[in-house]
Amino acid sequence: VQLQASGGGLVQGGGSLRLSCAASGRTISTYPMGWFRQAPGKERELAAAISWSNMYTYYADSVKGRFTISRDNAENTVYLQMNSLKPEDTAVYYCATQKKIYSNQYYSRDAYDYWGQGTQVTVSS
């Protein structure tokens, strides 16, 4: 499976960005999808995730109320809408998915197996 993330860039604090992750090599409709982020000198963090059924989502406390994850199974794409961006959101953002079909571990950072190449998000103060 290949995951191609896009949509990153430089934005002022308070602004918005929408990240996209296009998948190829498999359909995403039966797998959980996640967005991770890694800032310099910090561990990779699971920022948001969505279950394969679309019924459940997970958000890190630091992004709750500001980020929204969604998926378009027809387009085989997952999105991350980021609003009210803060300088501390600056990081490389990666989309990811899991090996196990119908996995319910969408919220578990250790359950993800496949990663995209990342897209840089920089938020200025």
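Structure shown above.
Residues numbered from 1 in each chain as written. Predicted model: local features only at pLDDT ≥ 70, side-chain atom pairs only at ≥ 80, totals over all residues. Heavy atoms only, no water.

## Considerations on the sheet that holds strand β8 (residues 77-82)
An order of β1-β3-β8-β7 is seen for the four strands of this open sheet, with the pairing classed as antiparallel. Both outer strands of the open sheet, β1 (2-6) and β7 (67-72), are each paired with one neighbouring strand and no more. Neighbour to neighbour, the strand axes of the sheet diverge by 15 degrees on average, direction disregarded. By the bridge criterion, five bridges tie β1 to strand β3 (residues 17-24) in an arrangement that is antiparallel. Counterpart to Q4 in the pairing with β3 is A22. (Pairing = 2+ DSSP bridges. Helix = DSSP H or I, 4+ residues; strand = E, 2+ residues; numbered from the N terminus. Axes fitted to C-alpha atoms, helices over the stretch in contact; angles between N-to-C directions.)

## Notes on the nonpolar core
Generally speaking, nonpolar side chains in soluble globular proteins are found buried as a group. Membership of the largest hydrophobic core comes to 27 residues, with the highest contact counts inside it found for W35, F67, I69, L80, M82 and Y93. Those elements giving two or more residues to this core turn out to be β1, β3, β4 (33-38), β5 (45-50), β7, β8, β9 (91-97) and β11 (119-124). Among the elements that take part in this core, β3 stands out by supplying four residues, more than any other. In this structure, F36, L46, A96 and Y106 belong to the second largest nonpolar core, which totals seven residues. (Core = buried A, V, L, I, M, F, W, Y, C linked by side-chain atoms within 4.5 Å. Buried < 20%, exposed > 50% of the residue type's maximum accessible area, 1.4 Å probe, protein only.)

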